[in-house]
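Overview (structure and organization)
For reference, the chains in residue letters:
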Amino acid sequence: MKIHWTDTALDHLDAIHNYIALDSVDYAEKVVDCLTRRSQ
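Right, let's walk through the structure included here. (Residues numbered from 1 in each chain as written. Predicted model: local features only at pLDDT ≥ 70, side-chain atom pairs only at ≥ 80, totals over all residues. Heavy atoms only, no water.)

Describing the overall build of the protein chain
For the protein chain, the helix and strand inventory stands at two helices and zero strands. Taking the principal axes of the C-alpha coordinates as reference, the protein chain spans close to 35 × 20 × 5 Å. Per-residue burial over the protein chain gives 15% buried out of 40 residues. By element, 55% of the accessible surface of the protein chain is carried by carbon and sulfur atoms, the whole surface being about 3600 Å². Taken as two groups, the 4 positive and 7 negative side-chain charges of the protein chain have centres that lie 12 Å from each other. (Helix = DSSP H or I, 4+ residues; strand = E, 2+ residues; numbered from the N terminus. Buried < 20%, exposed > 50% of the residue type's maximum accessible area, 1.4 Å probe, protein only. Areas by Shrake-Rupley, 256 points an atom, 1.4 Å probe, with all protein chains shown as cover. Lys, Arg positive; Asp, Glu negative; His and termini not counted. Charge placed at Lys NZ, Arg CZ, Asp CG, Glu CD.)

Here it is as structure tokens:
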């Protein structure tokens with residue numbers, strides 16, 4: 001199954017990253033990586 005990320009979903013993912021990155025850029029990247037890997 002191939003997952004297609006919509007522009008809205010990518011915007012939300014970016015917003016999640018930016019919010020978490022206010023405290024920790026490293027953790028923000030790990031969270032986004034975890035979310036995207038689960039969709040593969």
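Here the narrative resumes.
Looking at the pattern of salt bridges
In this structure the tally under the stated criterion is one salt bridge. Between Asp 33 and Arg 37 there is a salt bridge, with the nearest N and O atoms lying 2.9 Å from each other. Highlighted residues: Asp 33 and Arg 37, both in helix H2 (residues 25-38), separated by four residues, approximately one helical turn. (Salt bridge = Lys/Arg side-chain N within 4 Å of Asp/Glu carboxyl O.)

Quick word on helix H1 (residues 7-21)
Here H1 is 15 residues long and its end C-alpha atoms lie 21 Å apart, about the 21 Å a rise of 1.5 Å per residue gives. Buried residues of H1: Leu 13, His 17 and Ile 20, and no others. The buried residues of H1 all sit within an arc of 75 degrees when viewed along its axis, so they share a single face. Exposed positions of H1 whose direction lies more than 90 degrees from the buried face are Asp 7, Asp 11, His 12 and Tyr 19. Taken together, the buried residues of H1 touch H2. (Expected span 1.5 Å × (residues − 1). Arc of directions from axis to C-beta. Contact = heavy atoms within 4.5 Å.)

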